[in-house]
Amino acid sequence: MQIIGVDVTFLRMDRPVLGVVPALPAEASVVSVPRCSSAYYRFLYDTVGQDYCWWLRRTLSERELRAVLDAPGTDIHVLMVKGEPAGFYELDRGHAPLVNLSYFGLLPWALGRGLGYALLHHAIFTAWQGRCTALTVNTCTADHPRALPNYLKAGFRKLRTVREEWPLPVSLGLRIPQHLLLG
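Being a predicted model, the structure only gives us computed values, none of them experimental.

Considering the environment of leucine 101
And step 1. Structurally, the position occupied by leucine 101 is in strand S5 (residues 98–106).
And step 2. Overall, the relative accessible area of 2% leaves leucine 101 in the buried class.
And step 3. Sequence separation of leucine 101 and proline 85 is 16 residues, and the distance between their C-alpha atoms is 19 Å.
And step 4. If near-sequence neighbours (up to four positions away) are discounted, leucine 101 is found in contact with Tyr89, Glu90, Leu91, Leu120, Ala123, Leu135, Thr136, Val137 and Tyr151.

Now the structure itself:
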């Protein structure tokens, strides 16, 4: 185990933000994946999270991951660009009317192309469809440096930031950014 230190910021949106919503480029679309296979989910999760210490879902057994993916209220949406996956988000409606944006991110090749903010707005719009009275998300200092600023710009408000120490399994082979290493 490698212990890393992260600052986790919890955010909330209590009503949809009105205004101009950035559009996805013409060659991009977002598709809902109602019965996402474990293999496809692991590909998305592992590829998006490889540089950000996403490890929790990597440690789940097939049975445990299937339980998450099959849980009522779990919604997986994939950003496609020219027929290729470019990112994804996961909404958890299991505690509706509170909805949580559980995971959100782009594959490495899609970074810096102006897709993230438009995908975030798609996630927000989708979350507010149906029964939703509040939308939550959290991010941390292990995530992409633009994550927190983009959540705030999109209309989330910061609730609190807490310091956490995570026991990162070394066997996962994740690249650990220097700024997260303790001692």
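Focus on the side chain of threonine 139
And step 1. Mapped onto the elements, threonine 139 comes out in strand S6 (residues 134–140).
And step 2. Reaching out from threonine 139, the side chain makes a polar contact with the side chain of aspartate 143 at a distance of 2.8 Å.
And step 3. Residue contacts for threonine 139: discarding those within four places in its chain leaves Asp7, Val8, Thr9, Leu11, Ala147, Leu148 and Tyr151.

So, the nonpolar core
And step 1. The biggest cluster of nonpolar side chains holds 29 residues, and the ones touching the most others in it are Leu79, Leu101, Leu135 and Tyr151.
And step 2. By size, the runner-up hydrophobic cluster in this structure holds 16 residues, among which are Cys36, Tyr45, Leu65 and Leu69.

Observations regarding a nonpolar patch on the surface
And step 1. Side chains of Met1, Ile3 and Leu182 sit close together on the surface and give an oily, nonpolar patch of about 290 Å² of accessible area.
And step 2. Residue placement: leucine 182 occurs in the segment after strand S7 (157–168).
And step 3. For leucine 182, a relative accessible area of 32% gives the class partly exposed.

Examining the layout of surface pockets
And step 1. Here the largest pocket is characterised by a volume of approximately 820 Å³.
And step 2. Around the largest pocket sit 37 residues that line it, and Trp54, Phe104, Thr139, Asp143 and Tyr151 are the ones nearest its centre.
And step 3. Contributing elements (two or more residues each) for the lining of the largest pocket: strand S1 (2–13), helix H1 (38–49), S5, helix H3 (116–127), S6, helix H4 (147–153) and S7.
And step 4. At seven residues, S5 tops the list of elements feeding residues into the lining of the largest pocket.
And step 5. Residue composition of the lining of the largest pocket, grouped by class: 23 nonpolar, ten polar and four charged.
And step 6. In terms of residue class, the lining of the second largest pocket is built from eight nonpolar, two polar and no charged.

A look at the sheet that holds S1
And step 1. Strand order in the open sheet made by the seven strands is S2-S3-S4-S5-S6-S1-S7, with mixed pairing throughout. Strands with a single pairing partner mark the edges of an open sheet, and in this sheet they are strand S2 (28–32) and S7. Strand after strand, the sheet turns through a mean of 25° between neighbouring axes, direction not considered.
And step 2. For S1 and S6, the ladder comprises six bridges, and the chain directions are antiparallel. Residue pairing in the sheet places leucine 11 in a bridge with valine 137 of S6.
And step 3. Against the sheet, H1 engages strand S3 (74–81), strand S4 (84–95) and S5, with an angle of about 105° to S4.

What counts and what doesn't
Residues numbered from 1 in each chain as written. Predicted model: local features only at pLDDT ≥ 70, side-chain atom pairs only at ≥ 80, totals over all residues. Heavy atoms only, no water. Helix = DSSP H or I, 4+ residues; strand = E, 2+ residues; numbered from the N terminus. Buried < 20%, exposed > 50% of the residue type's maximum accessible area, 1.4 Å probe, protein only. Contact = heavy atoms within 4.5 Å. Polar contact = N/O pair within 3.5 Å; in protein donor to acceptor, adjacent residues only side chain to side chain. Core = buried A, V, L, I, M, F, W, Y, C linked by side-chain atoms within 4.5 Å. Patch = residues over 30% accessible without salt bridge, like charges linked within 9 Å, V, L, I, M, F, W, Y side chains within 5 Å. Areas by Shrake-Rupley, 256 points an atom, 1.4 Å probe, with all protein chains shown as cover. Salt bridge = Lys/Arg side-chain N within 4 Å of Asp/Glu carboxyl O. 1 Å grid on protein atoms, 1.4 Å probe; cavity = no way out; pocket = protein on both sides within 12 Å on 5 of 7 lines; lining within 4 Å. Points joined across faces, edges and corners; volume = space filled by probe spheres on them. Nonpolar A, V, L, I, M, F, W, Y, C, P; charged D, E, K, R; others polar. Pairing = 2+ DSSP bridges. Axes fitted to C-alpha atoms, helices over the stretch in contact; angles between N-to-C directions.

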